[in-house]
Amino acid sequence: MRVLLVGAGGVGTAVTRIAARRPFFDLMVVADYDRARAEAAVAAVGDDRFRAERVDAGDEAAVAALLARHGCDVLLNATDPRFVMPLFRAARKAGTDYLDMAMSLSRPHPELPYEECGVKLGDEQFALAGEWEQAGALALVGMGVEPGLSDVFARYAADELFDRIEEIGIRDGANLTVDGYDFAPSFSIWTTIEECLNPPVVYERERGWFTTAPFSEPEVFDFPDGIGPVECVNVEHEEVLLVPRWVDARRVTFKYGLGNQFIETLKTLHLLGLDRTEPVTVPGADGPVAVSPRDVVAASLPDPATLGERMRGKTCAGTWVRGVKDGQPREVYLYHVVDNEWSMAEYGCQAVVWQTALNPVVALELLATGAWSGSGVLGPEAFPARPFLDLLAEYGSPWGLREQ
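Residues numbered from 1 in each chain as written. Predicted model: local features only at pLDDT ≥ 70, side-chain atom pairs only at ≥ 80, totals over all residues. Heavy atoms only, no water.

Caption draft 1: Quick peek at the sheet that holds strand 3 (residues 50-54). If you trace the seven strands from one edge of the open sheet to the other, you get 3-2-1-4-5-6-19, paired in parallel fashion. Looking at which strands have only one partner, the edges of the open sheet turn out to be strand 3 and strand 19 (376-378). With direction set aside, neighbouring strand axes in the sheet form an average angle of 20°. Summarising the sheet, strand 2 (residues 27-32) and strand 3 pair through five bridges and their orientation is parallel. If you follow Ala31 over to strand 3, its bridge partner there is Glu53. Along the sheet face, helix 1 (residues 10-19) touches strand 1 (2-6), strand 2, strand 3 and strand 4 (74-77) and points at about 165° away from the line of strand 2. Helix-sheet contacts for helix 13 (residues 351-369) involve strand 1, strand 4, strand 5 (97-100) and strand 6 (138-140), and the interaxial angle to strand 5 is about 155°. (Pairing = 2+ DSSP bridges. Helix = DSSP H or I, 4+ residues; strand = E, 2+ residues; numbered from the N terminus. Axes fitted to C-alpha atoms, helices over the stretch in contact; angles between N-to-C directions. Contact = heavy atoms within 4.5 Å.)

Caption draft 2: Expanded view of the packing of helix 3 (residues 60-69) against helix 4 (residues 84-94). Packing of helix 3 against helix 4 brings their axes to within 8 Å, and their N-to-C directions diverge by 45°. Of the possible angle classes, the one that applies to helix 3 and helix 4 is oblique. Where helix 3 crosses over helix 4, the two elements pack in a sense that is right-handed. Here Glu60, Ala61, Val63, Ala64 and Leu67 of helix 3 come into contact with helix 4, specifically with Pro86, Leu87, Arg89, Ala90, Ala91, Lys93 and Ala94. Grouping the constituent residues of the contact of helix 3 with helix 4 by class yields nine nonpolar, no polar and three charged. (Parallel < 35°, antiparallel > 145°, perpendicular 65-115°, else oblique. Left-handed = near helix turned anticlockwise from the far one by under 90°. Nonpolar A, V, L, I, M, F, W, Y, C, P; charged D, E, K, R; others polar.)

Caption draft 3: Structural detail: the pattern of salt bridges. With the rule as written, the count across this model stands at 30 salt bridges. With a closest N to O distance of 2.9 Å, Glu365 and Arg22 form a salt bridge. Highlighted residues: Glu365 in helix 13 and Arg22 in the loop between helix 1 and strand 2, separated in sequence by 343 residues. Classification of Arg22 as buried rests on a relative accessible area of 13%. Between Glu217 and Arg251 there is a salt bridge; the shortest N-O distance is 3.2 Å. Placement of the pair is Glu217 in the loop between strand 10 (208-211) and strand 11 (219-223) and Arg251 in strand 13 (residues 251-256), with a sequence separation of 34 residues. Residue classification places Glu217 among the partly exposed positions, given a relative accessible area of 33%. Judged by its relative accessible area of 13%, Arg251 is buried. Linked through salt bridges whose partners overlap, the residues forming this network are Glu167, Arg171, Glu204, Glu217, Glu219, Arg251, Lys255 and Arg322. (Salt bridge = Lys/Arg side-chain N within 4 Å of Asp/Glu carboxyl O. Buried < 20%, exposed > 50% of the residue type's maximum accessible area, 1.4 Å probe, protein only.)

Caption draft 4: Representation of the side chain of Thr319 within the structure. Structurally, the position occupied by Thr319 is in strand 17 (residues 314-325). For Thr319, a relative accessible area of 0% corresponds to the buried category. One polar contact links the side chain of Thr319 to the main-chain carbonyl oxygen of Ser150, over a distance of 2.9 Å. Once residues lying within four places of it in the same chain are set aside, the contact partners of Thr319 are Ser150, Phe153, Ala154, Ile168, Gly169, Ile170, Val332, Tyr333 and Leu334. (Polar contact = N/O pair within 3.5 Å; in protein donor to acceptor, adjacent residues only side chain to side chain.)

Caption draft 5: Representation of the environment of Val324 within the structure. Relative to the helices and strands, Val324 is located in strand 17. Val324 sits 160 residues away from Arg164 along the chain, and the two C-alpha atoms are 5.2 Å apart. Once residues lying within four places of it in the same chain are set aside, the contact partners of Val324 are Phe162, Asp163, Arg164 and Arg330.

Caption draft 6: Structural context of helix 10 (residues 260-271). With twelve residues, helix 10 extends 16 Å from end C-alpha to end C-alpha; this agrees with the ideal 16 Å at 1.5 Å per step. Here helix 10 has its buried residues at Phe262, Ile263, Leu266 and Leu269. Mapping the buried residues of helix 10 onto a view down its axis gives an arc of 125°, with all of them on the same face. Opposite the buried face of helix 10, at more than 90 degrees from it, the exposed residues are Asn260 and Leu271. Check the buried side of helix 10 and you find it contacts helix 8 (189-197), strand 12 (228-234) and helix 11 (293-300). (Expected span 1.5 Å × (residues − 1). Arc of directions from axis to C-beta.)

Caption draft 7: Region of interest: the packing of aromatic side chains. One pass over the full model with this rule turns up 19 aromatic pairs. With 6.4 Å between their ring centres and 55° between their planes, Tyr98 and Trp132 make a pair best called tilted. Here Trp132 lies in helix 6 (residues 129-135) and Tyr98 lies in strand 5, a separation of 34 residues in the sequence. Overall, Tyr98 belongs to the buried group, its relative accessible area being 1%. Put simply, the rings of Phe221, Phe223, Tyr333 and Tyr335 pair up and form one aromatic cluster. Over the ring of Phe25 we find Arg49; its NZ or CZ atom is 4.0 Å from the centre of that ring. Geometry around Tyr33 places Arg54 over its ring, the cationic atom sitting 4.3 Å from the centre. (Phe/Tyr/Trp six-rings, centres within 6.5 Å; stacked < 30°, edge-to-face > 60°. Lys NZ or Arg CZ within 6 Å of the ring centre and 35° of its normal.)

Encoded structure:
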């Protein structure tokens, strides 16, 4: 397998360090707008299967040419969601497979944003599913940790743990702290603002997909491995749009353990208009400059990939499932916990970006070996879960199951 990895930030760098320990690929081209970042990621692994390139993720022709030049079989997208569609189209143009960890962006309903869906996450990609299927090519979408592993857990629960599923709820929580910072997100603030301030989507079999207000339906969820109780709220996320396409459940939600300080900070950013992506004009040394307020916020905060040495604690991604097995009620939580101390010592990557990067590498290996195969635009739920979970354990990062 020959892979083009676009994006050499925190997650992309973690991908290289995880993949370097596995034999399933012949070449991984690491490409970034900043060539120095790509070169640093390649130099750190010291493996001649890796090669650095510069590419603008928004330039479809340049990305397609890079895929062709290196004879790549698959494009792995490790950029932020703004670049999903150009990279998705570039892979289709080049005739390669495609894999991402976040899907095409949503747009709220223009009149009823907190009741009805507008453009949903992934709609632009699913609209082109017929082209991919007709070409016999695969776009595996939402294959990070959340979405990604959380969706694999949903498929596993449906296949092996339940006869009937009433509710699937993705629940994400952590007890991570960052020394020396009062506010330092552990993941891309650009993406975090997008998913937390957009109207959350909920799925119910009788209603289909609908929206609520941001931070709605708060609940306290008790996370395993010493993390403990964390208040979680509804957040827009791909699992709610993916799981019902392949798994029969009466209700599907996604709730994030953000914490009160984080929620209030996001609300303030929204109140001040600092979450906007549309450029505003500000004075500059050489005259007026157009900048995106959200880009300014992102540039003002520390790069999450650099925070590992200051981080303490664990992060947990998981899928809570309630239903019936053998005529009896059953409730389980399938989960994956990463301790930042361990991920830093073992890989030199902070826990959140390492956990995100792990899963697309596992998926690539399953595709390389033929354990997973398919065509069209497919989510992780479209594939058997057991091979993925078995290989995850082989990577040295086992998952857990807790009866509730």
